[in-house]
Each structure stands twice: as C-alpha cells, then as structure tokens.
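# Architecture at a glance
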Amino acid sequence: LGTADDFLAQLASAFRVLREEARREARMMVVSLHARITGQPARFDALRRFLYLLATAPEVWQATRLDAARHWMEKVPPP
C-alpha cells in the first residue's frame, strides 16, 4: 500500500499530468477511496493535502460521480 506520502505523491503526480494534458483536451481524474484505507489518520491527512492542492487550481471542477454523469449526459447526448 505504501505510505501516506506515497499516496499523496501518486495523486499529485497524476493531477500534474492530467492538468497539463487538459490544456489541449478535457480530462477527468477519478480518485477512488476506501474507508478502511483512506480513513486512517495519516492517509486522511494526505487526502486533505491533495484536496488543498486542487483548491488552489481554479480551473478544476471537483464533482461527485452524479454531477459528472449529469454533465456528461447534458454535453454528449446519446446517438
């Protein structure tokens, strides 16, 4: 599983890559969380630091799965 810092580094690295790619084309990052893993205090702290990183990026839309699905259905109607 790695350390909490490993978890943060992985999230931040993925975010940096997707943020750069999003300059050319829309991108979506999904962060899957499991309560027994992310709920540990150190991992929760890593998640909190990652969410702070996202909050400093005004172009980022933080959405729930339902929000993202509704957005997708609105923007890309079925054929």
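Remember, it's a predicted structure, so these values are computed and weren't measured experimentally.

## Quick word on the packing of aromatic side chains
- Enumeration according to the criterion identifies one aromatic pair in this entry.
- Ring geometry for F15 versus F50: centroids 6.3 Å apart, planes at 85°, classification edge-to-face. Taken together, the positions of F15 in helix α1 (residues 4-21) and F50 in helix α3 (residues 41-55) put the pair 35 residues apart, joining distant regions of the chain.

## Section: the pattern of salt bridges
- For the coordinates displayed, the defined rule picks out eight salt bridges.
- The partner of R23 in a salt bridge is E20, and the shortest N-O contact between them spans 3.6 Å.
- Since its relative accessible area comes to 39%, E20 is described here as partly exposed.
- In this structure, E25 and R27 form a salt bridge, with 3.9 Å as the shortest nitrogen-oxygen distance.
- Among the charged side chains, a network of salt bridges with common partners joins D5, D45, R48 and R49.

## Observations regarding the packing of α1 against α3
- Interhelical geometry of α1 versus α3 gives an angle of 25° and a closest axis separation of 8 Å. Between α1 and α3, the angle is such that the two are roughly parallel. When you trace α1 past α3, the crossing you get is right-handed. Taking contact as the criterion, the partners of A4, D5, F7, L8, L11, A12 and F15 in α1 are, on α3, A42, R43, A46, L47, R49, F50, L53 and L54.
- Within the contact of α1 with α3, the residues separate by chemical class into twelve nonpolar, no polar and three charged.

## As for the layout of surface pockets
- Approximately 1200 Å³ is the volume found for the largest pocket.
- Surrounding the largest pocket, 28 residues form its lining, M28, M29, W61, Q62 and A63 being those nearest its centre.
- When contributions to the lining of the largest pocket are tallied by element, the ones reaching two or more residues are α1, α3 and α4 (65-75).
- With five residues, α4 is the single largest residue contributor to the lining of the largest pocket.
- Across the lining of the largest pocket, the residue classes break down as 19 nonpolar, four polar and five charged.

## Let's talk about the nonpolar core
- The biggest cluster of nonpolar side chains holds ten residues, and these are A4, F7, L8, L11, F15, A46, L47, F50, L54 and A57.
- When contributions to this core are tallied by element, the ones reaching two or more residues are α1 and α3.
- Apart from residues lying up to four places away in sequence, A4 is in contact with A42, R43 and A46.

Procedures and definitions
Each chain carries its own residue numbering, running from 1 in the written order of its sequence. The predicted origin of the model limits local features to residues at a pLDDT of at least 70 and limits the giving and counting of side-chain atom pairs to 80 or more, whereas totals for whole chains, interfaces and linings rest on all residues. Processing note: side-chain calculations cover all non-hydrogen atoms of the structure and skip hydrogens and water entirely. In this scheme Phe, Tyr and Trp rings, the latter by its six-membered ring, pair at centre separations within 6.5 Å, and the angle between planes marks the pair as stacked below 30 degrees, edge-to-face above 60, and tilted otherwise. We count a stretch as a helix when DSSP gives it H or I for four or more residues in a row; a strand needs E for two or more, and each element gets its number in order from the N terminus. One speaks of a salt bridge when a side-chain nitrogen belonging to Lys or Arg is within 4 Å of a carboxyl oxygen belonging to Asp or Glu. For the exposure calls, accessible area comes from a 1.4 Å probe over protein chains only, and a residue counts as buried if that area is under 20% of its type's maximum, exposed if over 50%, partly exposed in between. Inter-axis angles, ranging from 0 to 180 degrees, are taken between N-to-C directions of lines fitted to C-alpha atoms, where helices are fitted over the stretch in contact. Any angle that is under 35 degrees is reported as roughly parallel, and any over 145 degrees as roughly antiparallel; angles of 65 to 115 degrees are reported as roughly perpendicular and all others as oblique. Handedness of each helix crossing follows the sense of rotation of the near helix against the far helix: counterclockwise by less than a right angle gives left-handed, clockwise gives right-handed. By definition, residues are in contact when any of their heavy atoms lie within 4.5 Å. Polarity classes work like this: nonpolar for Ala, Val, Leu, Ile, Met, Phe, Trp, Tyr, Cys and Pro, charged for Asp, Glu, Lys and Arg, and polar for all others, with Gly in that last group. Any residue with an atom within 4 Å of a point lines the site, the site being either a cavity, points on a 1 Å grid over the protein atoms alone where a 1.4 Å probe fits but cannot get out, or a pocket, an open set with protein on both sides within 12 Å along at least 5 of 7 lines. Grid points are joined across faces, edges and corners, and a volume is the space filled by probe spheres set on the points. For our purposes a nonpolar core is just a set of buried Ala, Val, Leu, Ile, Met, Phe, Trp, Tyr and Cys residues, chained together by side-chain atoms within 4.5 Å.

Keep in mind these values describe shape, not function.
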